[in-house]
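What follows is the residue order along each chain.
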Amino acid sequence: MKLTFRWYGEKDCIPLNYIKQIQGMSGVVTAVYDVPVGEVWSVSALEKLKSLANGAGLDMEVIESIPVHEDIKLGKPTRDRLIANYAENIRNCGKVGVKCVCYNFMPVFDWFRTNLYFKHADGSTSLSYSEEDFKKLDKHNLRLPGWDESYTSEQLNGLLKEYEGMTHEKLFDNLVYFLNGIMPACEEAGINMAIHPDDPPWDIFGLPRIVGREEDYDRLFKAVPNKHNGITFCTGSLGAGRFNDLPKMAAKYADRIYFAHLRQLKFTSDTDFYENGHQTSEGNVDIYSIVKALVENDFDGYLRPDHGRNIWGEDAKPGYGLYDRALGAAYLQGVFEAVEKDLKEKK
């Protein structure tokens, strides 16, 4: 396991030397953020990010993410050119030592919550989801966390119109087409693709979502068996679906989990939840049992503490403050150490 930390480049409010001060931290997870979706990242831009990370004593072996253009998800005629560009990005990442690329295949909207500043009893804040608040949203005029707010209302409505009639089957076929198109580049560059689960793992606004359940992964690996086709095991996204057995899935897919996002959430009803500190005792995600399943099944990928609270007066990007994620990193390392030592003693 290699412990990593999400870093949003030079504009991130968290300096690299602070990240390095988190004991056990091996590297950062980052991306090139100033290139339009679908275009090619230059090697020089990647080299600059790597140089900054290395200068702070950190690796840059994971990219999160190279966004997938909507035309690819829609299966439009332009997709072949865009897939070729994506493949070139994979090759360029390989040239600077990247080993894993996290991405998602969610139509239009990325992860979202209905409240970025849910207030806890202790005064900390975190992301939360309320089904009642979700039902009040107007999909044609959204101001929603997690989606690209560079869309104008006109652009958003046009994109939603294009997705009318999109089925789960067609979207899955488009994912398979995309993966088959980039697998040769992955082979060449030695890079593993790690698809992030849909968040939340159910259809929203009539848009199909196809990566959020055990059967979805079985189907994906059967369709694209290449070992470079893997997953990002996000316990917050998958955990939002109470139908998922996360320890079972961690054990079953350990050899295809190239990246793990470990975070906690606590349900307040069958549908509503808020994100919390990482400890198992603080929510409904059994972090201990998930780590145990990963270790016992030889997980050897990258790991990062995921969404944390804003604590101690920190005013950071919601979910991505320094302090609570640093606490999460320390906790996760402790769980891994305990489980690994217990397993070694049993042998």
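Going by the structure above, here's the rest.
Chemist: Residue-level account of the layout of surface pockets, with values.
Modeler: A volume near 380 Å³ is recorded for the second largest pocket. Contributing to the lining of the second largest pocket are Tyr8, Gly9, Glu10, Lys11, Ala31, Val32, Tyr33, Asp34, Ala45, Lys48, Leu49 and Leu52. The class makeup of the residues in the lining of the second largest pocket is seven nonpolar, one polar and four charged.

Chemist: Tell me about a nonpolar patch on the surface, and name the residues and values.
Modeler: A grouping of Trp312, Tyr323 and Leu327 is seen on the molecular surface, where their side chains present a nonpolar patch of about 350 Å² in accessible area. With respect to the helices and strands, tyrosine 323 occurs in helix H12 (residues 323–346).

Chemist: Residue-level account of the sheet that holds strand S11 (residues 273–276), with values.
Modeler: Pairing is antiparallel in the open sheet, where four strands are placed in the order S5-S6-S11-S10. Every interior strand has two partners, whereas the edge strands, strand S5 (115–119) and strand S10 (264–267), have only one. Within the sheet, the average angular offset between the axes of one strand and its neighbour, ignoring direction, is 40°.

Chemist: Requested: an account of the pairing of strand S6 (residues 125–129), with residues and values cited.
Modeler: Each regular strand shows side chains that alternate between the opposite faces of the sheet. Burial analysis of S6 places five of its five residues in the buried class, which makes it a mostly covered element. Inspection of the sheet shows S5 paired to S6 by three bridges, in the antiparallel sense. Across the sheet, the residue bridging to lysine 119 is threonine 125, located in S6. In textbook terms, the turn of a hairpin is the stretch between consecutive antiparallel strands, and for S5 and S6 this stretch comprises five residues, one of which, glycine 123, has a positive phi near 95°. The pairing of S6 with S11 spans two bridges and is classified as antiparallel. Residue pairing across strands places tyrosine 129 opposite phenylalanine 273, the latter belonging to S11.

Chemist: Now, about the nonpolar core: what can you tell me, with residues and values included?
Modeler: In this structure, Tyr86, Leu175 and Phe178 are the most contacted members of the largest nonpolar core, which totals 97 residues. For this core, the leading source of residues is helix H7 (residues 168–189), giving 10 residues. Filtering out sequence-adjacent residues up to four positions away, phenylalanine 178 remains in contact with Val68, Ile72, Ile83, Tyr86, Tyr103 and Phe105. Membership of the second largest hydrophobic core comes to eight residues, among which are Cys100, Cys102, Ala194 and Tyr302.

Chemist: Describe the pairing of strand S9 (residues 257–262), and please don't skip the residues or the numbers.
Modeler: Most of S9 is tucked away: six of the six residues are buried. Bridge count between strand S8 (residues 229–234) and S9: four bridges; the pairing is parallel. By the bridge assignment, isoleucine 231 is partnered in S9 with isoleucine 257. Examined bridge by bridge, S9 and strand S12 (residues 302–305) share four bridges and lie parallel to one another. Of the residues in S12, the one forming a bridge with histidine 261 is arginine 304.

Chemist: Would you mind going over the sheet that holds strand S1 (residues 2–6) in detail, with residue names and values included?
Modeler: Ordered in space as S1-S2-S3-S4-S7-S8-S9-S12, the eight strands form a closed barrel in which the pairing is parallel. Averaged over all pairs of adjacent strands, the angle between strand axes in this sheet comes to 30°, irrespective of strand direction.

Chemist: Please give an account of unusual backbone geometry that cites residues and values.
Modeler: Across residues other than glycine, the phi torsion is negative in most instances, and most of the peptide bonds are trans. The peptide bond linking glutamate 64 to serine 65 adopts the cis configuration, its omega dihedral lying at 0°. Along the chain, serine 65 falls in the loop between strand S3 (59–64) and helix H3 (70–74). Residues aspartate 199 and proline 200 are joined by a peptide bond in cis, for which omega reads 5°. By secondary structure assignment, the location of proline 200 is in the loop between strand S7 (192–195) and helix H8 (214–223). The phi dihedral of valine 108 falls on the positive side, at around 65°, and the residue is not glycine.

Chemist: Can you tell me about helix H2 (residues 43–55), naming the residues and giving the values?
Modeler: Look at H2: 18 Å from first C-alpha to last across 13 residues, which is about the 18 Å you get at 1.5 Å a residue. Those residues of H2 that fall on the buried side of the exposure criterion are Leu46, Leu49 and Ala53. Around the axis of H2, the buried residues are gathered within 60° of arc, so they sit on the same side. Where H2 is buried, its residues meet helix H1 (16–20), strand S2 (27–30), S3 and helix H4 (79–95).

Chemist: Provide a residue-level description of the environment of asparagine 226, including the pertinent values.
Modeler: Following the sequence through the fold, asparagine 226 ends up in the loop between H8 and S8. Sequence separation of asparagine 226 and histidine 307 is 81 residues, and the distance between their C-alpha atoms is 30 Å. A polar contact of 2.8 Å, which involves the side chain of asparagine 226, links it to the side chain of glutamate 187.

Chemist: Describe the pattern of salt bridges, with residues and values.
Modeler: Following the criterion strictly, the structure yields 27 salt bridges and no others. Residue glutamate 275 is joined to arginine 113 by a salt bridge in which the shortest nitrogen-to-oxygen separation is 3.1 Å. Here the residue glutamate 275 occupies a position in strand S11, and arginine 113 occupies one in the loop between strand S4 (100–103) and S5, the gap between them amounting to 162 residues. For the pair glutamate 275 and arginine 113, one class covers both residues: buried. Of the charged contacts in the structure, one is a salt bridge between glutamate 275 and arginine 263, with a shortest N-O distance of 2.9 Å. With glutamate 275 in strand S11 and arginine 263 in the loop between S9 and S10, this pair connects stretches of sequence that are 12 residues apart. Both residues of the pair, glutamate 275 and arginine 263, belong to the buried class. One continuous salt-bridge network, built from bridges that share partners, spans Arg6, Glu64, Arg113, Asp199, Arg263, Glu275, Arg304 and Asp306.

Rules and cut-offs
- Residues numbered from 1 in each chain as written.
- Predicted model: local features only at pLDDT ≥ 70, side-chain atom pairs only at ≥ 80, totals over all residues.
- Heavy atoms only, no water.
- 1 Å grid on protein atoms, 1.4 Å probe; cavity = no way out; pocket = protein on both sides within 12 Å on 5 of 7 lines; lining within 4 Å.
- Points joined across faces, edges and corners; volume = space filled by probe spheres on them.
- Nonpolar A, V, L, I, M, F, W, Y, C, P; charged D, E, K, R; others polar.
- Patch = residues over 30% accessible without salt bridge, like charges linked within 9 Å, V, L, I, M, F, W, Y side chains within 5 Å.
- Areas by Shrake-Rupley, 256 points an atom, 1.4 Å probe, with all protein chains shown as cover.
- Salt bridge = Lys/Arg side-chain N within 4 Å of Asp/Glu carboxyl O.
- Helix = DSSP H or I, 4+ residues; strand = E, 2+ residues; numbered from the N terminus.
- Pairing = 2+ DSSP bridges.
- Axes fitted to C-alpha atoms, helices over the stretch in contact; angles between N-to-C directions.
- Buried < 20%, exposed > 50% of the residue type's maximum accessible area, 1.4 Å probe, protein only.
- Core = buried A, V, L, I, M, F, W, Y, C linked by side-chain atoms within 4.5 Å.
- Contact = heavy atoms within 4.5 Å.
- Expected span 1.5 Å × (residues − 1).
- Arc of directions from axis to C-beta.
- Polar contact = N/O pair within 3.5 Å; in protein donor to acceptor, adjacent residues only side chain to side chain.

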